[in-house]
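Survey of secondary and tertiary structure
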Amino acid sequence: MECAVIAIGRPFIDSSGEALKAMPIVPVEKESDCLASVSWSGEVAFDEGMSSSDNTTLQNRFLLGEEWTERSLGEHASVASFAAFAIALMTNNAPSDLVEDAFTAGMDEIRHARTSFEIASKLKGEIVGPGPLPASKHDFGHDLTSLALAVAREGCVDETLSAIVADLEVEDIRKVIEEGSQGSIYSRLEPDTLNWIMTEMRTIADEESSHAALAWRTLKWVCVVDSKVCDVVHREVFNKASLESRFDHRALSALSETAMVRNKLEEGWMKIRDTHMLVQS
């Protein structure tokens with residue numbers, strides 16, 4: 001299942017192959033919902049002058065708030081994804097450092113989700129939080145091929161691209177702050193909010209890069225254990241058509257100019273792949 005909005009983080013996929021995430025809620029009635037939402041978004045200080053802003057500024061804030069709500073839900077789902085990833089690693093007798101780093105990545109995603117819900121709430125002028133994750137079923141079998149294919153698609157490709165897109169967005173916000181760029185959806189936000197979002201985005205981008213690196217390390221381990229599995233990954237995930245489809249999808253979903261993002265994604269991904277020196281045997 002593909003989403004038109006960039007979901008930074010690793011998708012939470014059940015045994016049916018469906019990507020799962022919670023629905024957003026704005027708590028107004030149930031106390032339990034309120035407590036759960038506040039625990040993810042924190043105590044947000046809303047801008048008193050937001051209601052007096054011009055229509056274009058309010059529209060930008062609304063669009064960004066919707067974007068960040070979707071990102072928040074993606075980060076929230078990533079917490080569960082890394083929990084499942086750790087179980088899959090242990091089921092297939094992976095080295096302890098990979099298991100440890102999977103749990104560390106899950107903790108990173110909790111921070112990313114909290115930060116993202118806080119940003120979404122700030123932009124929308126109301127507390128936004130996640131509802132419960134949908135019910136799901138998972139098969140944790142002794143299956144290196146399934147593990148490797150999932151790691152390649154969700155980590156080596158998608159999460160690597162997410163980190164690149166996040167870096168591009170940080171640069172976009174920097175240009176708004178330092179150069180007064182008017183071509184960005186961030187252009188009409190107040191400086192304090194822009195600086196806050198840029199700082200948080202930079203942290204998220206750096207940590208998503210480390211999560212992508214974990215995926216590449218996991219795939220290298222699998223290739224050492226069973227080189228035939230490595231061949232399957234190259235054939236089914238790293239083939240030219242599949243990669244170009246992912247580059248195109250991410251570029252179309254980006255907040256910056258599509259052609260520029262498309263070129264940066266392909267160039268950046270190829271460079272990272274070469275850095276990890278994952279060579280088909």
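The preceding data block contains the structure.
The following refers to the structure shown. Just so it is clear, the model here is predicted, and its values are computed rather than measured.

For the rest of this paragraph, the subject is the environment of D158. Structurally, the position occupied by D158 is in helix α4 (residues 144–179). The sequence separation of D158 and R246 amounts to 88 residues, and the corresponding C-alpha distance is 7.7 Å. With residues up to four places along the chain from it excluded, the contact list for D158 reads R153, R246 and R250.

Under the counting rule described, the total for this entry stands at 18 salt bridges. Notably, a salt bridge pairs D158 with R246, separated by 3.1 Å at the nearest N-O pair. Taken together, the positions of D158 in helix α4 and R246 in helix α7 (residues 240–253) put the pair 88 residues apart, joining distant regions of the chain. As far as the burial class goes, D158 and R246 line up, both buried. Here the residues in one salt-bridge network are E171, R174, E178 and E179, joined through shared partners.

Turning our attention to the packing of aromatic side chains. Summed over all chains, the structure comprises five aromatic pairs. Ring centres of F82 and F85 lie 6.2 Å apart, and the angle between their planes is 70°; on these two criteria the pair is classed as edge-to-face. Taken as a pair, F82 and F85 lie in helix α2 (residues 55–91) at a separation of three residues, close to a single helical turn. Judged by its relative accessible area of 1%, F82 is buried. Taken together, a centroid distance of 5.8 Å and an interplanar angle of 50° make the contact between W216 and W269 tilted. Note that W216 is positioned in helix α5 (residues 191–225) and W269 in helix α8 (residues 258–276), a separation of 53 residues in sequence.

Further remarks concern the state of the cysteines. For the structure on display, the rule yields one disulfide. At a sulfur-sulfur separation of 2.2 Å, the disulfide partner of C223 is C230. Judged by the sign of its S-S torsion, about 80°, the cystine formed by C223 and C230 is right-handed. Accessibility expressed as a relative area gives 14% for C223, which makes it buried. Of the cysteine sulfurs around C156, a residue in no disulfide, the closest is that of C223, at 9.1 Å.

The rules we used
- Residues numbered from 1 in each chain as written.
- Predicted model: local features only at pLDDT ≥ 70, side-chain atom pairs only at ≥ 80, totals over all residues.
- Heavy atoms only, no water.
- Helix = DSSP H or I, 4+ residues; strand = E, 2+ residues; numbered from the N terminus.
- Contact = heavy atoms within 4.5 Å.
- Salt bridge = Lys/Arg side-chain N within 4 Å of Asp/Glu carboxyl O.
- Buried < 20%, exposed > 50% of the residue type's maximum accessible area, 1.4 Å probe, protein only.
- Phe/Tyr/Trp six-rings, centres within 6.5 Å; stacked < 30°, edge-to-face > 60°.
- Disulfide = S-S within 2.5 Å.

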